[in-house]
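Remarks on the overall topology
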Amino acid sequence: QVQLVESGGGLVQPGGSLRLSCAASGSIFAINTMGWYRQAPGKQRDLVAAITRGGSTVYADSVKGRFTISRDNAKNTMYLQMNNLKPEDTAVYSCNGVVLTSASSEYEYWGQGTQVTVSS
């Protein structure tokens, strides 16, 4: 069994910063691509950023230059540094990971989500 647990969400004023963390635990052989997704009320869940095991990254156009995704493979943890936050960044942020539980078994896991609210 594998669990992904997010932390670091909260309420912040426009222009402020938050750092989200996603810690994976359980029967982990290795973790391939990890990503952050967000879903605002009444909208679909969208990719925010993703990072491969080797460190290659992709970002949604709306967050480029403001958000930075990173990971610590030794700690099975992924981060999202969010700067210059805007009200439109308000959403539930969830982490996703493609986890190998053995050399030949790969599964996709999701965290439970953490609320980020940007408001004055």
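Residues numbered from 1 in each chain as written. Predicted model: local features only at pLDDT ≥ 70, side-chain atom pairs only at ≥ 80, totals over all residues. Heavy atoms only, no water.

Applying the stated criterion across every chain, the model contains three salt bridges. The partner of K64 in a salt bridge is D61, with the nearest N and O atoms 3.1 Å apart. For the pair K64 and D61, one class covers both residues: exposed. For R66, the salt bridge goes to D89, with nearest N and O atoms at 2.7 Å. In this pair, R66 sits in the loop between β6 (57–59) and β7 (67–72) while D89 sits in the loop between β8 (77–82) and β9 (91–102), placing the two residues 23 residues apart along the sequence. D89 gets classed as buried once you look at its relative accessible area, which sits at 0%. Ionic contacts of the salt-bridge type, sharing partners, join the residues R38, R66 and D89 into one network. (Salt bridge = Lys/Arg side-chain N within 4 Å of Asp/Glu carboxyl O. Buried < 20%, exposed > 50% of the residue type's maximum accessible area, 1.4 Å probe, protein only. Helix = DSSP H or I, 4+ residues; strand = E, 2+ residues; numbered from the N terminus.)

Moving on, we get to the packing of aromatic side chains. Across all of its chains, the model carries two aromatic pairs by this definition. Its end group placed over the ring of Y79, R19 keeps NZ or CZ at 4.1 Å from the ring centre. Between the NZ or CZ atom of R45 and the centre of the ring of W110, over which it lies, the distance is 3.7 Å. (Phe/Tyr/Trp six-rings, centres within 6.5 Å; stacked < 30°, edge-to-face > 60°. Lys NZ or Arg CZ within 6 Å of the ring centre and 35° of its normal.)

On to the nonpolar core, then. W36, V48, F67, M78, L80, M82 and Y93 are the most contacted members of the largest nonpolar core, which has 28 residues in total. Mapped onto this core, the elements with two or more residues apiece are β1 (2–7), β3 (18–26), β4 (30–39), β5 (46–51), β7, β8, β9 and β11 (114–118). When residues no more than four places from it in sequence are discounted, the contact partners of V48 are W36, Y37, R38, V58, Y59, A60, V63, F67, L80 and Y93. (Core = buried A, V, L, I, M, F, W, Y, C linked by side-chain atoms within 4.5 Å. Contact = heavy atoms within 4.5 Å.)

Right, let's talk about the sheet that holds β7 for a bit. Spatially, β1-β3-β8-β7 is the arrangement adopted by the four strands of the open sheet, whose pairing is antiparallel. Two strands in the sheet have a free side with no partner beyond their single neighbour: β1 and β7. Neighbour-to-neighbour, the strand axes of this sheet turn through a mean angle of 15°, independent of strand direction. One ladder, built from six bridges, connects β3 with β8; its direction is antiparallel. Looking at the pairing, L18 lines up with M82 of β8. (Pairing = 2+ DSSP bridges. Axes fitted to C-alpha atoms, helices over the stretch in contact; angles between N-to-C directions.)

Next up on the list: the state of the cysteines. Using the criterion set out here, one finds one disulfide in the structure. Each sulfur of the disulfide joining C22 and C95 lies 2.1 Å from the other. On the S-S bond that ties C22 to C95, the torsion sits near 60°, and the link is right-handed. With a gap of 73 residues between them, C22 in strand β3 and C95 in strand β9 connect regions that are remote in the sequence. An identical accessibility class is assigned to C22 and C95; each is buried. (Disulfide = S-S within 2.5 Å.)

For β8, a buried count of five out of six residues is recorded, marking the element as mostly surrounded by other parts of the structure. Examined bridge by bridge, β7 and β8 share six bridges and lie antiparallel to one another. Pairing of I69 across the sheet is with L80, part of β8.

What is shown is where atoms sit, not what they do.
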